[in-house]
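Secondary and tertiary structure notes
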Amino acid sequence: ISGWGCAGFNTYLGPIRPILLPILLFSTWKLLPQRSLGWTIISLFLAFLPELVDIWNTNRSQQWQQKHDNSNEQSISNSSSFPITAKLRLDIPTMGCVACVNKVDTSIRQCKSAANIRGEKSWLTDSSAKGGLAELSILANTNEEVDAIAEEVVTAVKDAGFQCDAESLQVEN
């Protein structure tokens, strides 16, 4: 079910949501005198919950990025001490919506080796295939350290509840 995107919402209800929202707003306006203000607020809150979640996640992501950028400025001089850079690309077929993308990004950021990870990003695929991809750069001293960090990232994404495979790992010296 998670491959369909949040219990099928993206597959079945998502495409008709632009039609459903005006109907809800019109019916709420017409029925406002007949129902309690509490039910009206709850129905409007639930109707716009995806937008509210997106605003919340975008704000949290920007705050984290600013904090991460500040710590990266301090560690940029140290990053030249890592002789090996690797680009890891993950295939995540059960990532089905924006909330899933945020959860994958968060699980990558919370790895113990987060200090060695740069430029992480996740996205949904544009093709008809379900799921998405994640890509990040790994800074390390040895090839074994690159492999260990890559394995840690894959495990973190799996622990977050997603199927995850390393699609590619390109080591650059």
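The residue count restarts for each chain, going from 1 along the sequence in the order it is written. Per-residue local features of the predicted model are confined to residues with pLDDT of at least 70, and side-chain atom pairs are confined, for both listing and counting, to 80 or more; whole-chain, interface and lining totals are unaffected and use all residues. Note that water and hydrogens are dropped before the side-chain values are worked out from all heavy atoms of the structure.

1. Here we look at the environment of Leu 24
Every helix listed is a DSSP run of H or I at least four residues long, and every strand listed is a run of E at least two residues long, numbered separately from the N terminus. Residue placement: Leu 24 occurs in helix H2 (residues 17–31). The spatial distance from the C-alpha of Leu 24 to the C-alpha of Leu 44 is 8.3 Å, given a sequence separation of 20 residues. Residue contacts are counted whenever heavy atoms from the two residues lie within 4.5 Å of one another. Those residues in contact with Leu 24 that sit more than four places away from it in its chain are Ser 43 and Ala 47.

2. Notes on the confidence of the model for the protein chain
On average, the protein chain scores 80 in pLDDT, and the residues at 70 or more come to 82%. The secondary structure element of the protein chain with the lowest average pLDDT is helix H1 (residues 9–13), at 63, and the one with the highest is helix H6 (residues 143–159), at 93. pLDDT expresses how confident the predictor is about each individual residue, on a scale running from 0 to 100. Taken as a whole, residues 1–5 scores under 50 in pLDDT and shows 11 contacts with residues more than four places along the chain or in a different chain.

3. What about the packing of aromatic side chains?
Classification of ring pairs rests on two measures: the distance between centres of Phe, Tyr or Trp rings, Trp counted by its six-membered ring, which must be within 6.5 Å, and the angle between planes, read as stacked under 30 degrees, edge-to-face over 60 and tilted in between. Tallied over the full model, the rule gives 1 aromatic pair. Here Phe 26 and Trp 29 contribute two aromatic rings whose centre-to-centre distance is 6.1 Å and whose plane-to-plane angle is 50 degrees, an arrangement assigned as tilted. Taken together, the residues span about one helical turn, with Phe 26 and Trp 29 both in helix H2 at a distance of 3 residues.

4. Focus on the sheet that holds strand S2 (residues 117–124)
Pairing between strands is defined by DSSP: at least two bridges between the two strands are required. Here we have 4 strands laid out as an open sheet, ordered S2-S3-S1-S4, and antiparallel in their pairing. The open sheet has two edge strands, S2 and strand S4 (165–172), and neither has a second partner. Adjacent strand axes in the sheet meet at a mean angle of 15 degrees, parallel and antiparallel pairs treated alike. For strand S1 (residues 84–92) and strand S3 (residues 132–140), the ladder comprises 9 bridges, and the chain directions are antiparallel. Counterpart to Thr 85 in the pairing with S3 is Leu 139. Between N-to-C directions, angles cover 0 to 180 degrees, with each direction set by a line fitted to C-alpha atoms, over the stretch in contact for helices. Docked against the sheet, helix H5 (residues 98–109) engages S1, S2 and S3, running at close to 160 degrees with respect to S2.

5. Quick look at the packing of H2 against helix H3 (residues 37–47)
Orientation of H2 relative to H3, taken along the N-to-C sense of each, is 165 degrees, at an axis distance of 11 Å. By the angle class used here, H2 and H3 are roughly antiparallel. The chirality of how H2 crosses H3 is left-handed. Counted together, Arg 17, Leu 21, Leu 24, Leu 25 and Thr 28 of H2 and Thr 40, Ser 43, Leu 44 and Ala 47 of H3 form the full contact between these two elements. Charged means Asp, Glu, Lys or Arg here, nonpolar means Ala, Val, Leu, Ile, Met, Phe, Trp, Tyr, Cys or Pro, and polar covers whatever is left, Gly included. Of the residues contributing to the contact of H2 with H3, the split by class is 5 nonpolar, 3 polar and 1 charged. When an angle is under 35 degrees it counts as roughly parallel; over 145 it counts as roughly antiparallel; between 65 and 115 it counts as roughly perpendicular; any other value is oblique. Helix crossings are classified by the rotation of the near helix relative to the far one: an anticlockwise turn of less than a right angle makes the crossing left-handed, while a clockwise turn makes it right-handed.

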